[in-house]
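So you can see what is in the structure, the chains are spelled out below.
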Amino acid sequence: MLKVGVLGAGHLGKIHLRLLQQSDKYELVGFYDENQENAERISKEFGYKNFSTIAKLIHAVDVIDIVTPTLSHYKCAKVAIKSGKHIFIEKPIANTVEEAEEIIALAKEYNVKGQVGHVERFNPAFIATKNMIENPMFIETHRLAEFNPRGTDVPVVLDLMIHDIDAILSVVNSKVKNINASGVSVISETPDIANARIEFENGCVANLTASRISLKNMRKSRFFQKDAYISVDFLEKKCEVVRMKDAPEVPGDFDMILQNAEGVKKQIYFTNPDVEQNNAILDELESFANAINTDTTPVVTLEQATDALRVAYQIIDCFSK
């Protein structure tokens with residue numbers, strides 16, 4: 001079991017503490033939170049050991065789980081890596097691309113592993129369909145959330161859309177060619193709703209919408225490729241695959257047949273892949289433990305998370321043009 005410590009005991013930090021306590025891959029040593037009043041309350045309520053300094057916690061563990069506000073990710077990661085500790089960082093990896101690139105360089109220099117909490121990679125609906133997504137040419141995503149003051153310190157692109165950016169980059173095997181985007185600040189100082197169009201060198205186009213001022217929550221992605229349409233509902237953890245194949249000579253009574261203008265007939269059939277329910281946060285944390293123990297590449301690398309952050313900032317830069 002790897003000894004792990006958590007930096008940050010806010011809303012998400014408390015979830016990480018609970019799951020790490022349950023995990024048979026980790027031994028939860030304790031946590032540090034800069035708000036010592038909050039830290040003492042959590043320690044008293046749940047029994048987790050509260051460390052008085054970051055340095056003391058880092059010294060006592062093998063792995064540091066960074067669940068602090070984004071602005072402090074770099075500072076926390078730097079101290080942990082220089083102490084030779086593996087790091088798990090909540091998304092986004094850092095506040096700037098430059099900070100993220102330095103985290104990558106430090107991890108290589110000190111020979112430690114790092115993984116970033118792009119949790120939708122572990123969403124069971126995405127896992128169930130990912131191997132079916134082959135060379136998509138058009139992707140549409142909607143990530144809408146009801147207003148919550150938590151997270152409004154960063155633009156909606158870094159708060160919400162970055163989940164979809166990372167998922168898209170993980171299935172499109174091509175470099176980004178061009179980005180157009182617009183964003184509007186409604187309640188916050190930073191954009192609360194944004195739309196981006198990402199064009200890739202291979203011709204794929206992704207259209208992303210994210211909002212944190214919606215009346216209902218929605219997290220859906222649709223992938224269109226030759227002879228198939230794949231729908232993933234990240235919120236409901238459901239998926240649907242619609243495929244087309246050449247129509248049989250003699251269609252059955254219930255076969256769905258389409259004929260195009262050239263007279264080519266295709267049969268449409270629907271499948272709902274089995275979705276194995278899981279706890280995505282626990283799975284991502286335990287997958288990192290596996291990567292450390294087997295000396296393999298983490299599922300979401302520091303480099304991949306930096307690529308997602310770079311695209312996110314390219315989108316944000318469009319807002320001021």
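All figures in this text were calculated on a predicted structure; none of them were measured in a lab.

Draft legend 1. Region of the structure containing the overall build of the chain. For the chain, the count of helices and strands is nine helices and 14 strands. Relative to the 2.2 N^0.38 estimate, which gives 20 Å for 321 residues, the radius of gyration of the chain is 22 Å and therefore close to what a compact globule would have. Along the longest, intermediate and shortest principal axes, the C-alpha atoms of the chain span 75 × 45 × 40 Å. The proportion of buried residues among the 321 residues of the chain is 50%. Sequence-distant contacts in the chain: of pairs separated by 6 or more residues, those separated by 24 or more amount to 67%. Here the chain displays about 15900 Å² of accessible surface, and carbon together with sulfur accounts for 48% of that area.

Draft legend 2. Structural detail: the UniProt feature "domain: Gfo/Idh/MocA-like oxidoreductase N-terminal" (unreviewed entry) in the chain. UniProt's feature table lists "domain: Gfo/Idh/MocA-like oxidoreductase N-terminal" (unreviewed entry) at residues 2–118, given in the numbering used throughout. Between the C-alpha atoms that bound residues 2–118 the distance is 21 Å, and the span itself is 44% helix and 22% strand.

Draft legend 3. Spatial organisation of the side chain of histidine 163. Looking at where histidine 163 falls in the secondary structure, it is placed in helix α7 (residues 156–171). With sequence-adjacent residues up to four places away left out, histidine 163 is seen in contact with Lys91, Val119, Glu120 and Arg143.

Draft legend 4. View of unusual backbone geometry. Of note, the bond from lysine 91 into proline 92 is cis; its omega dihedral lies within 30 degrees of zero at -10°. Position of proline 92 among the secondary structure elements: in the loop between β4 (86–90) and α5 (97–109). A positive phi angle, close to 55°, is found at asparagine 111, a residue other than glycine. Positionally, asparagine 111 belongs in the loop between α5 and β5 (114–117). We classify asparagine 111 as exposed; its relative accessible area is 68%. Of note in the backbone geometry, aspartate 295 takes a positive phi value of approximately 50° without being a glycine. Here aspartate 295 is to be found in the loop between α8 (280–294) and α9 (302–319). Under the relative-accessibility criterion, aspartate 295 is labelled exposed at 60%.

Draft legend 5. Broad picture of the sheet that holds strand β6 (residues 138–144). Spatially, the nine strands line up as an open sheet ordered β7-β8-β9-β6-β10-β11-β12-β14-β13, and their pairing is mixed. Strand pairing shows two members of the sheet lacking a second neighbour, β7 (176–184) and β13 (256–259), which therefore form its edges. Recorded for the sheet is a direction-independent mean angle of 15° between the axes of neighbouring strands. The sheet contact formed by β6 and strand β9 (residues 205–211) spans seven bridges and is parallel. Paired with leucine 144 across the strands is serine 211, a residue of β9. Against the sheet, α7 engages β6, β7, β8 (193–200), β9 and β10 (218–225), with an angle of about 155° to β9. Across the sheet, α9 touches β7 and β8, and the angle it forms with β7 is around 55°.

Calculation notes
Residues numbered from 1 in each chain as written. Predicted model: local features only at pLDDT ≥ 70, side-chain atom pairs only at ≥ 80, totals over all residues. Heavy atoms only, no water. Helix = DSSP H or I, 4+ residues; strand = E, 2+ residues; numbered from the N terminus. Rg over C-alpha atoms; globule rule 2.2 N^0.38 Å. Buried < 20%, exposed > 50% of the residue type's maximum accessible area, 1.4 Å probe, protein only. Contact = heavy atoms within 4.5 Å. Areas by Shrake-Rupley, 256 points an atom, 1.4 Å probe, with all protein chains shown as cover. UniProt positions renumbered as here; feature names shortened; annotations may be inferred. Pairing = 2+ DSSP bridges. Axes fitted to C-alpha atoms, helices over the stretch in contact; angles between N-to-C directions.

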